[in-house]
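So the chains spell out like this:
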Amino acid sequence: YVYPTMLVEMFATTLAILVLIITVQRPDENINANFGVRNYQAFWSDLRRTFYNEKPVHVLYIHIINYNSLNSTLGETSTRELVKKSILPMNSICKKYHAKSDLYYLNHGCFAIVLDACKPVETDAIAKDIDAMITHDEHIRKSGLTLNVQICILRCPEDAKDYTSASVIYNVLKNQTE
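Owing to the predicted nature of the structure, the values given are computational and were not obtained by experimental measurement. (Residues numbered from 1 in each chain as written. Predicted model: local features only at pLDDT ≥ 70, side-chain atom pairs only at ≥ 80, totals over all residues. Heavy atoms only, no water.)

S.K.: Provide a residue-level description of the pairing of strand β2 (residues 100-107), including the pertinent values.
M.R.: Bridging between β2 and strand β3 (residues 110-116) involves seven bridges; their strand directions are antiparallel. Residue pairing across strands places S101 opposite L115, the latter belonging to β3. Here β2 folds back onto β3 in antiparallel fashion, the turn holding two residues, of which H108 has a positive phi close to 50°. (Pairing = 2+ DSSP bridges. Helix = DSSP H or I, 4+ residues; strand = E, 2+ residues; numbered from the N terminus.)

S.K.: Which residues make up the layout of surface pockets, and what are the values?
M.R.: The volume enclosed by the largest pocket comes to roughly 180 Å³. Taken together, F43, D46, L47, R49, T50, N53, K55, K100, D102, Y104, V114 and D116 make up the lining of the largest pocket. At the level of elements, α2 (40-52), β2 and β3 are the ones that each hand at least two residues to the lining of the largest pocket. Counting residues per element, the lining of the largest pocket draws most heavily on α2, which supplies five residues. The residue inventory of the lining of the largest pocket, partitioned by class, reads four nonpolar, two polar and six charged. (1 Å grid on protein atoms, 1.4 Å probe; cavity = no way out; pocket = protein on both sides within 12 Å on 5 of 7 lines; lining within 4 Å. Points joined across faces, edges and corners; volume = space filled by probe spheres on them. Nonpolar A, V, L, I, M, F, W, Y, C, P; charged D, E, K, R; others polar.)

S.K.: Tell me about the state of the cysteines, and name the residues and values.
M.R.: Taken as a whole and judged by the stated rule, the model has zero disulfides. There is no disulfide at C94, and the cysteine sulfur nearest it, in C118, is 7.8 Å away. Residue classification places C118 among the buried positions, given a relative accessible area of 11%. (Disulfide = S-S within 2.5 Å. Buried < 20%, exposed > 50% of the residue type's maximum accessible area, 1.4 Å probe, protein only.)

S.K.: Lay out a nonpolar patch on the surface with the relevant residues and their values.
M.R.: There is a patch of nonpolar side chains on the surface, built from F11, L15, L18, V19 and I22 and spanning about 520 Å² of accessible area. By the element assignment, L18 lies in helix α1 (residues 8-23). Of the residues examined, L18 reaches a relative accessible area of 45% and is grouped as partly exposed. (Patch = residues over 30% accessible without salt bridge, like charges linked within 9 Å, V, L, I, M, F, W, Y side chains within 5 Å. Areas by Shrake-Rupley, 256 points an atom, 1.4 Å probe, with all protein chains shown as cover. Salt bridge = Lys/Arg side-chain N within 4 Å of Asp/Glu carboxyl O.)

S.K.: Can you break down the pattern of salt bridges residue by residue, with the values?
M.R.: Summed over all chains, the structure comprises eight salt bridges. In this structure, D46 engages R49 in a salt bridge whose closest nitrogen and oxygen atoms are separated by 3.1 Å. Pair noted here: D46 and R49 are both in helix α2, with a separation of three residues, about one helical turn. Look at D46 and you get buried, because its relative accessible area is 13%. Of the residues examined, R49 reaches a relative accessible area of 44% and is grouped as partly exposed. Put simply, K55 and D116 hold a salt bridge, and the shortest N to O gap is 3.4 Å. A residue pair is termed long-range when its members are at least 10 positions apart, and K55 in the loop between α2 and β1 (57-64) and D116 in strand β3 qualify at 61 residues. On the basis of relative accessibility, which here comes to 12%, the residue D116 falls in the buried class.

S.K.: Break down the side chain of H58 for me, citing the residues and quoting the values.
M.R.: The residue H58 is located in strand β1 in this model. Judged by its relative accessible area of 7%, H58 is buried. For H58, the side chain forms a polar contact with the side chain of T123, separated by 2.6 Å. With sequence-adjacent residues up to four places away left out, H58 is seen in contact with I113, V114, L115, C118, K119, P120, T123, L154, R155 and C156. (Polar contact = N/O pair within 3.5 Å; in protein donor to acceptor, adjacent residues only side chain to side chain. Contact = heavy atoms within 4.5 Å.)

S.K.: Mind laying out the sheet that holds β1, listing which residues take part and the relevant values?
M.R.: As summarised here, the arrangement of the four strands in space is β2-β3-β1-β4, forming an open sheet in which the pairing is antiparallel. Strand pairing shows two members of the sheet lacking a second neighbour, β2 and β4 (149-156), which therefore form its edges. The mean inter-strand angle of the sheet, taken between neighbouring strand axes irrespective of direction, is 20°. Bridging between β1 and β4 involves eight bridges; their strand directions are antiparallel. Paired with V59 across the bridge in β4 is L154. Helix-sheet contacts for α2 involve β1, β2, β3 and β4, and the interaxial angle to β2 is about 130°. (Axes fitted to C-alpha atoms, helices over the stretch in contact; angles between N-to-C directions.)

Pasting the structure below:
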């Protein structure tokens, strides 16, 4: 049990602590505090892992084109609340189609939904339902504003073969603002 010449206990303790440090992550590093969904770093980390594992997924980029003008008109807090009330119910639409989905906020009015093992027809229907939900949202109608939304469906690996091509598509989409 005790070997005075061998430091077995110390080695085992060090190994256990190392495993604990590697496996435990701080969730606040992966969550956007303003919207309560996963953030930019979590999205790209998950997408990189998906491409590495060669797992087919569909990514819906939802970009609020007039986010900056809304932000300058309403202020940061009001814009955030308006977007939160109108965009965050997207998870319920994905659940309606029984699609396994993860919602991410990427920055500057750009969201992403990663759909695992979803049929193209379902992805198209989800995108149409999200567009209709945002277009007919009561919070936005009452405020007299409009959210100009652009939705891009990225089918991986058909449309993007690797992580780099997915990031190029995101950058093109992100740069289309008013």
